[in-house]
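Here's the letter readout for the chains.
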Amino acid sequence: AAPAEDDDTPCEAVGTASCCFMKDAAFIYEVNVKEEYRGRGLGRQLVSALFGRINELHPGETVRLQVSSDNIPAMKIYESCGFVKIAELGFFTLL
């Protein structure tokens, strides 16, 4: 939740998620959570929120992403959000 307008507590971004819309799909190209905030479900929340926003803007749009094949924690997050592996591309996995 956002702080109240009269709250002087500093805000800090602890994660980001970005996507772009291509001809045949939306492509998630960045999901980051600061190391000290990992393990709290924030990555899953970011992916879920981004997926929801994509669906608002382009209902039914195919959503794809690629992740380093050795980034097992990220793959677990993506799979828990409904992504499935469709290809191995060298060092990357396409979901």
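Calculation notes
- Residues numbered from 1 in each chain as written.
- Predicted model: local features only at pLDDT ≥ 70, side-chain atom pairs only at ≥ 80, totals over all residues.
- Heavy atoms only, no water.
- Core = buried A, V, L, I, M, F, W, Y, C linked by side-chain atoms within 4.5 Å.
- Buried < 20%, exposed > 50% of the residue type's maximum accessible area, 1.4 Å probe, protein only.
- Helix = DSSP H or I, 4+ residues; strand = E, 2+ residues; numbered from the N terminus.
- Contact = heavy atoms within 4.5 Å.
- Phe/Tyr/Trp six-rings, centres within 6.5 Å; stacked < 30°, edge-to-face > 60°.
- Salt bridge = Lys/Arg side-chain N within 4 Å of Asp/Glu carboxyl O.
- pLDDT = per-residue confidence, 0-100.

### Overview of the nonpolar core
Among the nonpolar cores identified, the biggest contains 13 residues, and I28, L65, V67, Y78 and F83 are the most heavily contacted of them. For this core, the elements supplying multiple residues, two or more each, are β2 (26-33), α1 (42-57), β3 (63-68) and α2 (72-80). Excluding its chain neighbours within four sequence positions, the residues that come into contact with I28 are S18, C19, L50, I54, V63, R64, L65, Q66 and F83.

### Remarks on the packing of aromatic side chains
Per the stated rule, a full pass over the model turns up 2 aromatic pairs. Judged by centre distance (6.3 Å) and plane angle (75°), the rings of F51 and F83 are edge-to-face. Here F83 lies in the loop between α2 and β4 (87-89) and F51 lies in helix α1, a separation of 32 residues in the sequence. With 6.2 Å between their ring centres and 75° between their planes, Y78 and F83 make a pair best called edge-to-face. There is no split in this pair, since Y78 and F83 are both buried. Grouping aromatic residues by their ring pairs yields a cluster made of F51, Y78 and F83.

### Observations regarding the pattern of salt bridges
Side-chain pairs of opposite charge can arise whenever the charged atoms involved come near each other. Counted by the stated rule, this structure contains 4 salt bridges. E56 is the partner of R53 in a salt bridge, and the nearest nitrogen-oxygen pair spans 2.9 Å. Here R53 pairs with E56, and both are found in helix α1, just 3 residues apart, close to one helical turn. Using a relative accessible area of 58% as the deciding quantity, one classes E56 as exposed.

### Concerning the confidence of the model for the chain
In low-pLDDT regions, the fine details of the predicted coordinates are not to be read closely. For the chain, per-residue confidence averages 87 on the pLDDT scale, and residues scoring 70 or more make up 92% of the total. Least confident of the elements in the chain is strand β5 (residues 92-94), whose mean pLDDT is 69; most confident is strand β1 (residues 15-21), at 93.

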